[in-house]
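One-letter residues, chain by chain:
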Amino acid sequence: MFMRKHCPICGSCNHIQFAVIDHRNLVACRECSLVFANSFDEEELVKCYSQNYYSSPHDPRIQAWIDRNRPTWAGVVADISRAKSPVANLLDIGAGTGGFLEVFRQYSPATKLYAIESSPAARQNLVERFPSLVFCGETAEGITAAAGQFECVTLLQCLEHVYDPLRVCSGIYRVLNPGGVLLITVPNRYSYKVLLKKTAEANCFGNKTHLQFFSLRTLRRLLAEAGFQEANRITRFGGSAETGVMAAMQCLVRKVGISTEIRVLVRKQP
Ligand SMILES: [Zn+2]
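A few points on the structure. In this text the structure is predicted, and so the values were computed from the model without any measurement.

Focus: the packing of helix H5 (residues 165–175) against helix H8 (residues 216–225)
- Between H5 and H8, whose axes approach to 8 Å, the crossing angle comes to 55 degrees. In terms of axis orientation, H5 runs oblique to H8. Taken as a pair, H5 and H8 cross one another with a handedness that is right-handed. Contacts between H5 and H8 involve Pro 165, Leu 166 and Cys 169 from the former and Leu 222, Leu 223 and Glu 225 from the latter.
- In the contact of H5 with H8, the residues fall into 5 nonpolar, no polar and 1 charged.

Pasting the structure below:
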């Protein structure tokens, strides 16, 4: 059993019970309001990863996942291109299937791509698909890259899985170039799906591998603790698989702050 006394963002031990969901006990920090798993079964966590995520580099679910998420990644690429261009070196932490890297490579073939991915099967798949990809460590907490190496770092649906989000973001701050940008997407603990369903049924809380549950407020606090200033939430129209009326609805829930995903862009001060 993994146990944690201190809040992973503010370090306080002052928290209240939030929920027991499957193998995880969730608490809410009284200081910064972060909801996090203060205890969970590590063996169960490993089992969930091997069931829900690809155990083979040739798993057919990989291509299906890439096809489904391509429009969202194209949206992320558009957000990055607005904020930082050109990007000579990009690091994708939690690269997974490599779908985002593929879309980014199409947009900017000259960018040198780097990745961190903790699943050995996923890493093997990435090596086969991107022979020139450079790995900078096996976990998000242990980035092995030089200070100031990257113009852009991406953390797409990754931070909710890590043990120590502050260590991850401080590490990113170190390896970003002054003026470089970090783009983060995380599930929103105040999404309309969480508000409409029972907490445990929404994917944000129901996914057995999630350990941190962010709101815009706690994500901003985390980034401030790591050294970043002014985290901008991206709420523009489009940038996902939704079209027409559904895209308009999605834009609306983003503006109101109850979208399923929080997408934030921060820049390291030049
Ligand atoms: Zn806290």
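Considerations on the sheet that holds strand E11 (residues 229–233)
- With mixed pairing, the 7 strands of this open sheet are ordered in space as E7-E6-E5-E8-E9-E12-E11. For this open sheet the edge positions go to strand E7 (134–135) and E11, each flanked by a neighbour on one side alone.
- The pairing of strand E5 (residues 89–93) with strand E8 (residues 150–156) spans 4 bridges and is classified as parallel. Each residue of the ladder has a partner; that of Ile 93, found in E8, is Leu 155.

Thoughts on H5
- What H5 keeps buried is the set Pro 165, Val 168, Cys 169, Gly 171, Ile 172 and Val 175. For H5, the angular spread of buried residues about the axis comes to 155 degrees, placing them on one side.
- Close packing links the buried residues of H5 with E5, E8, strand E9 (176–187), strand E10 (212–213) and H8.

Things to note about the pairing of strand E12 (residues 261–267)
- In terms of residue burial, E12 counts as a mostly covered element, since 5 of its 7 residues are buried.
- In terms of strand pairing, E9 meets E12 through 7 bridges, oriented antiparallel. If you follow Thr 185 over to E12, its bridge partner there is Arg 263.
- With 3 bridges connecting them, E11 and E12 associate as antiparallel partners. Directly across from Asn 232, in E12, lies its bridge partner Leu 265.

So, the environment of Gln 250
- Position of Gln 250 among the secondary structure elements: in helix H9 (residues 244–256).
- Owing to 21 C-beta atoms within 10 Å, Gln 250 belongs among the buried residues under this scheme.
- Here the alpha-carbon distance between Gln 250 and Ala 226, two residues 24 residues apart in the chain, equals 30 Å.
- Once you skip the residues sitting within four places of it in the chain, Gln 250 turns out to touch Ser 240, Glu 242 and Ser 259.

Cut-offs applied
Residues numbered from 1 in each chain as written. Predicted model: local features only at pLDDT ≥ 70, side-chain atom pairs only at ≥ 80, totals over all residues. Axes fitted to C-alpha atoms, helices over the stretch in contact; angles between N-to-C directions. Helix = DSSP H or I, 4+ residues; strand = E, 2+ residues; numbered from the N terminus. Parallel < 35°, antiparallel > 145°, perpendicular 65-115°, else oblique. Left-handed = near helix turned anticlockwise from the far one by under 90°. Contact = placed C-beta atoms within 7 Å. Nonpolar A, V, L, I, M, F, W, Y, C, P; charged D, E, K, R; others polar. Pairing = 2+ DSSP bridges. Buried ≥ 20, exposed ≤ 12 C-beta atoms within 10 Å, placed from the backbone. Arc of directions from axis to C-beta.

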